[in-house]
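# Architecture at a glance
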Amino acid sequence: MTKRLICAAAMAAMAGAGAVQAEEIRVLNWQGYGTDLDWAVEAFTEETGHTVVHEYFNSEQEMLTKLRTNPGAYDVVLINAAFTPQAQEEGLIAPIDKEKIANLADVPADMAENQDLNADGEMYGVPWTWGLTAYAFNTQAFEEAPTSVEVFWDEAHEGRVSIRDDALEAVQFAAIATGQDINDIGDMEAIEAKLTALMPQIKTYWGSENDWNQFMAAGELDVATYWSGSASRSIASGLPVQFVVPEEGAVGWLDGLSIPESSTKMDAAHQFIDWMIDPEFYVKWAEEGAPASANAKAAEALPEDAFNRQVLGDPEVVARVQFQRPVSDEDREAYLALWQKLKAAQ
């Protein structure tokens with residue numbers, strides 16, 4: 001019996017016993033980030049009876065504010081692992097009942113046991129998607145793929161490079177370039193010197209995937225920092241670019257799905273999270289440019305030539321990734337002050 005038929009049979013049995021009630025669950029996420037795909041929501045509703053309504057945020061701080069000021073308004077929330085400890089410490093999210101997330105069994109231990117998604121023996125975020133911030137290059141500007149971040153400082157590409165206009169991303173990129181731990185930067189002078197040397201190389205800063213695509217399509221850039229999921233979409237759209245995870249390493253991020261402590265629809269929320277990490281959902285989403293899945297079976301189900309299998313499925317690549325951890329307000333302020341100083345002096 002297929003998983004879908006098993007689920008349908010179980011739902012029918014519970015409905016007959018009067019145990020199931022269709023509910024409306026509210027999901028808080030970035031707009032256009034997987035959970036609000038029409039076909040996915042429709043399939044979930046068809047299978048469970050539950051309907052899904054979305055609300056969106058534009059930053060992690062806005063997401064936390066919404067959780068603080070709207071108790072009971074949300075049932076599932078997308079939280080980057082670097083912010084999960086803060087949400088947990090403030091009592092904004094509830095422990096996950098792992099027995100209700102069947103697909104969790106296919107999430108490797110290194111992600112399921114991520115220290116920022118777990119606390120005091122409880123899981124507060126189900127690993128969902130992950131990706132990298134590294135760089136992509138214009139294949140028309142290079143005979144061979146540049147494998148080192150030092151390409152950004154190569155005078156041959158002066159005025160032809162770009163990085164995102166984001167203080168944390170810039171500092172962590174410089175930490176990678178100076179051989180430092182992005183989560184424990186010990187030499188800020190080296191960071192400042194490296195970024196100072198980079199400024200004359202920069203053609204422009206990018207702020208969105210659309211910005212990046214336009215600059216690259218116009219032939220204005222040779223190489224630019226980029227997100228892995230965005231690179232997958234840019235390549236699929238026909239841009240002559242290739243994504244690189246450099247020998248020095250890359251910045252990694254992990255997103256989890258959590259349940260607000262104030263949710264009154266815990267069972268339906270667990271069902272929705274289980275649906276979101278299901279390989280059946282992910283493989284279809286991957287065709288549209290999804291980030292990498294935390295579910296190993298979902299990753300293995302991708303076609304051999306799929307971007308997330310070719311680029312992010314290599315254990316040697318994953319070994320070079322430094323996953324982001326929480327950043328203190330003090331450090332964020334210091335990074336922002338440095339970034340603003342460097343741009344003002346440019």
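Everything numeric here is computed off the predicted structure, so don't read it as measured data.

### With respect to the overall build of the chain
- In terms of helices and strands, the chain carries 15 helices and 14 strands.
- Seen along its three principal axes, the alpha-carbon backbone of the chain occupies a region of about 70 × 40 × 30 Å.
- Looking at the chain as a whole, 50% of its 346 residues are labelled buried.
- Relative to all contacts within the chain whose residues are 6 or more apart in sequence, the contacts with residues 24 or more apart total 75%.
- On the chain, roughly 15,700 Å² of surface is accessible, and the fraction owed to carbon and sulfur atoms is 48%.
- Between the centroid of the 21 positive side chains of the chain and the centroid of its 58 negative side chains there is a distance of 3 Å.

### A few points about the side chain of H270
- Following the sequence through the fold, H270 ends up in helix α10 (residues 266–276).
- Judged by relative accessible area, which is 3%, H270 ranks as buried.

### Digging into the pairing of strand β7 (residues 126–138)
- Across the 13 residues of β7, 13 count as buried, placing the element largely inside the fold.
- Note: β7 against strand β13 (residues 292–293), 2 bridges, orientation antiparallel. For T129, the partnering residue across the bridge sits in β13 and is S293.
- In this sheet, strand β10 (residues 223–227) lies alongside β7 in antiparallel orientation, the contact comprising 5 bridges. Bridge pairing links A136 to A224 in β10.
- With 4 bridges joining them, β7 and strand β11 (residues 241–244) adopt antiparallel strand pairing. Bridged to F137 within β11 is Q242.

### Observations regarding the environment of Q324
- For Q324, the position within the fold is in the loop between β14 (321–323) and α15 (329–344).
- Along the sequence, Q324 and G252 sit 72 residues apart, while their C-alpha atoms lie 6.0 Å from each other.
- Apart from the residues lying within four places of it in its own chain, the contact partners of Q324 are A82, D116, L168, Q172, I182, N183, V251, G252 and W253.
- Of the polar contacts made by the side chain of Q324, one reaches the side chain of Q172; its length is 2.8 Å.

### Thoughts on the nonpolar core
- Ranked by size, the top nonpolar core spans 79 residues in total, and within it W128, L132, W212 and F243 carry the most contacts.
- Formed by 33 residues, the second largest nonpolar core is a distinct cluster that contains F137, F142, A177 and L338.

### Looking at the packing of helix α6 (residues 167–177) against α15
- Orientation of α6 relative to α15, taken along the N-to-C sense of each, is 90°, at an axis distance of 8 Å. The pairing of α6 with α15 is recorded here as roughly perpendicular in orientation. Of α15, the residues touching α6 (which contributes A167, L168, A170 and V171) are R332, Y335, L336, L338 and W339.
- Counted by class, the contact of α6 with α15 contains 8 nonpolar, no polar and 1 charged residues.

### Considerations on α6
- Among the 11 residues of α6, 11 are classified as buried, and the element is accordingly described as predominantly covered.
- Capping of α6 at its N-terminal end is provided by D166; its side-chain oxygen lies 3.3 Å from the backbone amide nitrogen of L168.
- Just beyond α6, the residue with positive phi is G179, at close to 75°.

### Considering the packing of aromatic side chains
- As enumerated under the stated definition, the model contains 20 aromatic pairs in all.
- The rings of Y33, W39, W128, F281, Y282 and W285 are connected pair by pair, giving a single aromatic cluster.
- The aromatic ring of W39 is capped on one face by K284, whose charged end is 4.4 Å from the ring centroid.

### A few points about the side chain of T225
- Turning to its location among the elements, T225 is positioned in strand β10.
- A distance of 3.4 Å separates a polar side-chain atom of T225 from the backbone nitrogen of R164.
- With sequence-adjacent residues up to four places away left out, T225 is seen in contact with A134, Y135, F152, S162, I163, R164, F173, W206 and W212.

### Side note on unusual backbone geometry
- The backbone of D120 shows a phi angle near 55°, a positive value even though the residue is not glycine.
- In this structure D120 comes out as exposed when scored by relative accessible area, which is 75%.

### Section: α10
- The element α10 is extensively covered by neighbouring structure, given that 8 of its 11 residues are classed as buried.
- Of all the positions in α10, only A268, A269, H270, F272, I273, D274, W275 and M276 are classed as buried.

The rules we used
Residues numbered from 1 in each chain as written. Predicted model: local features only at pLDDT ≥ 70, side-chain atom pairs only at ≥ 80, totals over all residues. Heavy atoms only, no water. Helix = DSSP H or I, 4+ residues; strand = E, 2+ residues; numbered from the N terminus. Buried < 20%, exposed > 50% of the residue type's maximum accessible area, 1.4 Å probe, protein only. Contact = heavy atoms within 4.5 Å. Areas by Shrake-Rupley, 256 points an atom, 1.4 Å probe, with all protein chains shown as cover. Lys, Arg positive; Asp, Glu negative; His and termini not counted. Charge placed at Lys NZ, Arg CZ, Asp CG, Glu CD. Pairing = 2+ DSSP bridges. Polar contact = N/O pair within 3.5 Å; in protein donor to acceptor, adjacent residues only side chain to side chain. Core = buried A, V, L, I, M, F, W, Y, C linked by side-chain atoms within 4.5 Å. Axes fitted to C-alpha atoms, helices over the stretch in contact; angles between N-to-C directions. Parallel < 35°, antiparallel > 145°, perpendicular 65-115°, else oblique. Nonpolar A, V, L, I, M, F, W, Y, C, P; charged D, E, K, R; others polar. Phe/Tyr/Trp six-rings, centres within 6.5 Å; stacked < 30°, edge-to-face > 60°. Lys NZ or Arg CZ within 6 Å of the ring centre and 35° of its normal.

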